[in-house]
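Below are the chains, spelled out letter by letter.
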Amino acid sequence: MTLTPAQRQTLSWLLIAAAALAIVWALAPVLMPFLLGASLAYALHPAVERMAARRVPRVLAVSLVVLAAVLGVLALALLVVPILAKELPLLKEQIPLLADRLNQHLSPWLAQFGINVALDVPGIKAMVLQGLDGNLEDWIAAALSSARIGGSFLLALLGNAVLVPAVLFYLLLDWPQLTARSLSLVPPRHRPQVDTFLAECDAVLGQYLRGQALVMLILAVYYALALAVAGFELALPVGVFTGLAIFIPYLGFGLGLLLALLAGALQFAGWYGVAAVAVVYGIGQLLESFILTPRLVGERIGLPPLAVIFALLACGHLFGFVGVLIALPLSAVALVAGRRVTAAYLGSGLYRP
């Protein structure tokens, strides 16, 4: 069977893509900090370019952007970790009481419909004590002991904490040269098509990521303030987590809603906590769906929420956390490629009657 030049070229690109996916799958743990740094560099390089355009030295601009990113991550950790350390003992005390309360109110109500359910309160208490026993100092000591023995998790975490900012710094510093060098590898006759294709992918992905970041920030502030007004002691961590988790459509909102319901059930007696969560999260969902997402992200981008969920789950299943990092870029490339294939098909003789 003889292949035409166009077929040989298509086959070559498919083989290159398959080889790249195989390398990513084989080296996923090693590539994780580099891909995370590359993802952050892609999201942050416009800020560096704007500062460089105003004649700020590139090294200084990159340093300021990396420092701001590191401080943002540290601020989030310093915000959430102390509150969790304070509230975990309360959680240990309240979960058995919540189970007992459910037994007293839920079991008789379900019995009216012939459903006999009774929670094993002593068993739940034992499980909670086993899982949450000890304090933050004990966990830190255990983690350090694990690191001395050779535990890889803490060492990998510390290594990534140093490596990711370093990768981010050097990628931002050399971003124009890297993009120009990558484009120079494309044969000259194909550069216009590749350039327009990459520009379209960049427009789709960049607008989605930057718009979604604004949505996340606004919703984090909204949920934290609304839960605080409702009297929730865990308003700050739960609200911030919900806003940031919105990045994963539906799933992030559902997880934040579940955490808020748990916090309300642990803190308040009766139905006040559930009603407050329903009002806060109902308004938040309307705010996100009808105001923020259409205006800041835009329907014209063409990345449907279900497609984002599928891409995140599929790539995460295949490549782990690295897959989550490359899911959206792959989705943008697939979307743009699909648009072009569809346009070519509609303009071909195959579509015409």
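Everything discussed here concerns the structure shown above.
Bear in mind the structure is a predicted one, so any value in this text is a computation, not a measurement.

Enquirer: Hey, could you run me through the nonpolar core in this one?
Expert: For soluble globular proteins, nonpolar side chains are generally found buried alongside one another. With 24 residues, the main nonpolar core has Val48, Val62, Val66 and Leu172 as its most contacted residues. Secondary structure elements with two or more residues in this core: helix H2 (28–53), helix H3 (58–111), helix H6 (152–173), helix H8 (191–229), helix H12 (305–319) and helix H13 (321–346). Once residues lying within four places of it in the same chain are set aside, the contact partners of Val62 are Val48, Phe169, Leu172 and Leu173. Grouped together as the second largest cluster of nonpolar side chains are 20 residues, Val238, Val277, Val280 and Leu292 included.

Enquirer: Please explain the packing of H8 against helix H9 (residues 235–245) as it appears in this structure.
Expert: Where H8 contacts H9, the axes come no closer than 7 Å and their chain directions differ by 150°. By the angle between their directions, the pair H8 and H9 is classed as roughly antiparallel. The way H8 lies across H9 gives a crossing that is right-handed. Between H8 and H9, the contacting residues are Met216, Leu219, Ala220, Tyr223, Ala224, Leu227 and Ala228 on the first element and Ala235, Leu236, Val238, Gly239, Val240, Thr242, Gly243 and Leu244 on the second. When grouped by side-chain class, the residues that make up the contact of H8 with H9 number 12 nonpolar, three polar and no charged.

Enquirer: Hey, could you run me through the side chain of Arg58 in this one?
Expert: By the element assignment, Arg58 lies in helix H3. A polar contact of 2.7 Å, which involves the side chain of Arg58, links it to the side chain of Glu49. Among the polar contacts made by the side chain of Arg58, one reaches the main-chain carbonyl oxygen of Leu173 at a distance of 3.1 Å. Among all residues touching Arg58, those that are not within four sequence positions of it are Val48, Glu49, Ala52, Leu172, Leu173, Trp175 and Pro176.

Enquirer: What exactly am I supposed to notice about the packing of H9 against helix H10 (residues 251–267) here?
Expert: What describes two packed helices is the angle between their axes and the distance between those same axes. Between H9 and H10, the least distance of the axes is 8 Å, while the angle of their chain directions is 165°. By the angle class used here, H9 and H10 are roughly antiparallel. The element H9 and its partner H10 pack so that their crossing is left-handed. Across the interface between the two elements, Val238, Phe241, Thr242 and Ala245 from H9 touch Gly252, Phe253, Leu255, Gly256, Leu259 and Ala260 from H10.

Analysis parameters
- Residues numbered from 1 in each chain as written.
- Predicted model: local features only at pLDDT ≥ 70, side-chain atom pairs only at ≥ 80, totals over all residues.
- Heavy atoms only, no water.
- Core = buried A, V, L, I, M, F, W, Y, C linked by side-chain atoms within 4.5 Å.
- Buried < 20%, exposed > 50% of the residue type's maximum accessible area, 1.4 Å probe, protein only.
- Helix = DSSP H or I, 4+ residues; strand = E, 2+ residues; numbered from the N terminus.
- Contact = heavy atoms within 4.5 Å.
- Axes fitted to C-alpha atoms, helices over the stretch in contact; angles between N-to-C directions.
- Parallel < 35°, antiparallel > 145°, perpendicular 65-115°, else oblique.
- Left-handed = near helix turned anticlockwise from the far one by under 90°.
- Nonpolar A, V, L, I, M, F, W, Y, C, P; charged D, E, K, R; others polar.
- Polar contact = N/O pair within 3.5 Å; in protein donor to acceptor, adjacent residues only side chain to side chain.

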